[in-house]
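Architecture and fold: a report
This is what each chain is made of:
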Amino acid sequence: MERSFVAIKPDGVQRKLVSEILSRFERRGYKLVALKMLQPTRELLEEHYQEIRAIQDLKSKKFFQDLITYMRSGPIVAMVWEGENVVKQGRAMLGATNPQESVPGTIRGDFTITVGRNIAMERSFVAIKPDGVQRKLVSEILTRFERRGYKLVALKMLQPTRELLEEHYQEIRAIQDLKSKKFFQDLITYMRSGPIVAMVWEGENVVKQGRAMLGATNPQESVPGTIRGDFTITVGRNIVHGSDSVASAQKEIGLWFREEEISSWDSNDHIWLYE
């Protein structure tokens, strides 16, 4: 059996993710053989990051000192896990160092946004469709965006009118080979079959990353860990919509929400999500 060192950084502790991360390793079957919370000294961190410190183009910048300051900004939870291939598999469970490259289902893919933690914030429109509401998945979908770190700035339940839906889907409506079939009318009927929960989420790269969290439009192509990959089977009942571009998001937000319905507020988590 091999062992691996895992440390939950100050932002993970501040965001109360210690139990979640412990749970993921335990559920995988790895054995916890050491655990402690500590406030690391500068000397310990400099030795830990000595390879980074040795890189001249980084050492000559403020990068290294910012890293040390960040790692000393709060307590760290240090752990040692034991099990077969735990180093490689543990890294896979954590996800890519850059969260933008981490897939849903990994720790960084589910809970983080930036590789460090002032960035122009974008917004995305997300709608839980009638089947998602009927299947009581509203809290699950909200939870996934909240725990990733995105900020909810608009939310309402509504029964959309035919006119609203036709404008929302006007690009599909304009496609002649679809318009000539019953596809479009079936889509409108489905989207009017029950209430919809409409939302606006704010954060760095939220359009692209939000789409990744939803999974492929066709659930058969959605990987486990995504919303559609975990909860849906067919493309006609894929429970959720998300903007596919920043331009589409701006248009959809303006269509579904009045300006006064969108909140502007400061999140206490911001400093632990963005560098």
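Here goes a summary of the coordinates provided.

**Some details on the packing of helix α10 (residues 138–148) against helix α15 (residues 206–214)**
The angle between the axes and the distance between the axes are what describe a pair of packed helices. Where α10 contacts α15, the axes come no closer than 11 Å and their chain directions differ by 135°. When the axis of α10 is compared with that of α15, the two are oblique. Remark: the crossing between α10 and α15 carries right-handed chirality. The segment α10 lies against α15, with Arg144, Phe145 and Arg148 engaging Gln209, Gly210, Met213 and Leu214. Across the contact of α10 with α15, the residue classes tally to 3 nonpolar, 2 polar and 2 charged.

**Side note on the sheet that holds strand β7 (residues 240–242)**
One open sheet accounts for 4 strands, arranged β5-β6-β4-β7; its pairing is antiparallel. The two strands at the open ends of the sheet, each matched to only one other strand, are β5 (151–158) and β7. Across the sheet, the mean angle separating the axes of adjacent strands is 15° when strand polarity is ignored. Here 3 bridges tie strand β4 (residues 122–128) to β7, and the two strands are oriented antiparallel to one another. Note on β7: the bridge partner recorded for Ile128 is Val240. Sitting on the sheet, helix α17 (residues 246–256) is in contact with β4, β5, β6 (196–203) and β7, with an inclination near 60° to β4.

Reading the values: rules and limits
Residues numbered from 1 in each chain as written. Predicted model: local features only at pLDDT ≥ 70, side-chain atom pairs only at ≥ 80, totals over all residues. Heavy atoms only, no water. Axes fitted to C-alpha atoms, helices over the stretch in contact; angles between N-to-C directions. Helix = DSSP H or I, 4+ residues; strand = E, 2+ residues; numbered from the N terminus. Parallel < 35°, antiparallel > 145°, perpendicular 65-115°, else oblique. Left-handed = near helix turned anticlockwise from the far one by under 90°. Contact = heavy atoms within 4.5 Å. Nonpolar A, V, L, I, M, F, W, Y, C, P; charged D, E, K, R; others polar. Pairing = 2+ DSSP bridges.

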